[in-house]
Amino acid sequence: MKITLEYIGFLKIEGIKSGSVVDVPDGSTAASILDMCKLTGSYRKYIVPIINGERSGHDRVLKDGDRMFIYLPVGGG
């Protein structure tokens, strides 16, 4: 199935430009997409998948045509 994958600029995902349409296996979850993107650092627990404009959990199963935005909130003071 195909999904559109977007992310913010300071995330480094090699080989996938933000806004790309990518082929993923049927039944893929947001977590499996993060694995595919090699986003495995300690910051991963803070990543918020936004699927079709809706904040989602890492266990959300994607469907053909979905749009996933990988959001990493930034904080500080």
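Provided above is the structure to which this section pertains.
Residues numbered from 1 in each chain as written. Predicted model: local features only at pLDDT ≥ 70, side-chain atom pairs only at ≥ 80, totals over all residues. Heavy atoms only, no water.

### Topic: the overall build of the protein chain
Cut-off, in case you're wondering: In DSSP terms, a helix is any run of H or I states spanning at least four residues, a strand is any run of E spanning at least two, and both are numbered starting from the N terminus. Three exposure classes are used, based on accessible area relative to the maximum for each residue type with a 1.4 Å probe and protein chains only: buried under 20%, partly exposed in between, and exposed over 50%. Residue contacts follow a heavy-atom distance rule, with two residues in contact if any of their heavy atoms lie within 4.5 Å. Values of accessible area rely on a 1.4 Å probe in the Shrake-Rupley scheme; residue burial ignores everything except the protein chains shown. Only four residue types enter the charge count: Lys and Arg as positive, Asp and Glu as negative, with His and the chain ends excluded. Lysine's charge is taken at NZ, arginine's at CZ, aspartate's at CG and glutamate's at CD.
Secondary structure summary: the protein chain contains 1 helix and 5 strands in total. Reading the helices (α) and strands (β) of the protein chain from amino to carboxyl end gives β-β-α-β-β-β. Evaluated residue by residue, the protein chain yields a buried proportion of 38% over its 77 residues. Taking contacts inside the protein chain between residues at least 6 apart in sequence as the whole, the part at least 24 apart equals 52%. For the protein chain, the accessible surface area stands at approximately 4,800 Å², while carbon and sulfur atoms represent 52% of it. Between the averaged position of the 10 positive side-chain charges in the protein chain and that of its 9 negative side-chain charges there is a distance of 6 Å.

### So, the nonpolar core
Inclusion rule: Note on terminology: a nonpolar core comprises buried Ala, Val, Leu, Ile, Met, Phe, Trp, Tyr and Cys residues joined through side-chain atoms within 4.5 Å.
The biggest cluster of nonpolar side chains holds 21 residues, and the ones touching the most others in it are L5, I33, C37, L39, M68 and I70. At the level of elements, β1 (2–7), α1 (30–36) and β5 (67–71) are the ones that each hand at least two residues to this core. Setting aside anything within four residues of it in sequence, one finds I33 in contact with I3, L5, V24, S28, L62 and M68.

### Digging into the sheet that holds strand β4 (residues 54–55)
How we decide: Here a strand pair is declared whenever DSSP counts at least two bridges between the two strands.
With mixed pairing, 5 strands are arranged side by side in an open sheet as β2-β1-β5-β3-β4. Edge strands, defined here as strands with exactly one partner in the open sheet, are β2 (20–23) and β4. Pairing geometry for β1 and β5, over 4 bridges, is parallel. By the bridge assignment for β5, Y7 is matched with I70.

### A look at the packing of aromatic side chains
Formally: Two aromatic rings from Phe, Tyr or Trp, using only the six-membered ring of Trp, form a pair when their centres are within 6.5 Å; if the ring planes differ by under 30 degrees the pair is stacked, by over 60 it is edge-to-face, and anything between is tilted.
The final tally for this structure, using the stated rule, is 1 aromatic pair. Between F69 and Y71, the aromatic rings sit 6.4 Å apart at their centres with planes inclined by 25 degrees, giving stacked as the arrangement.

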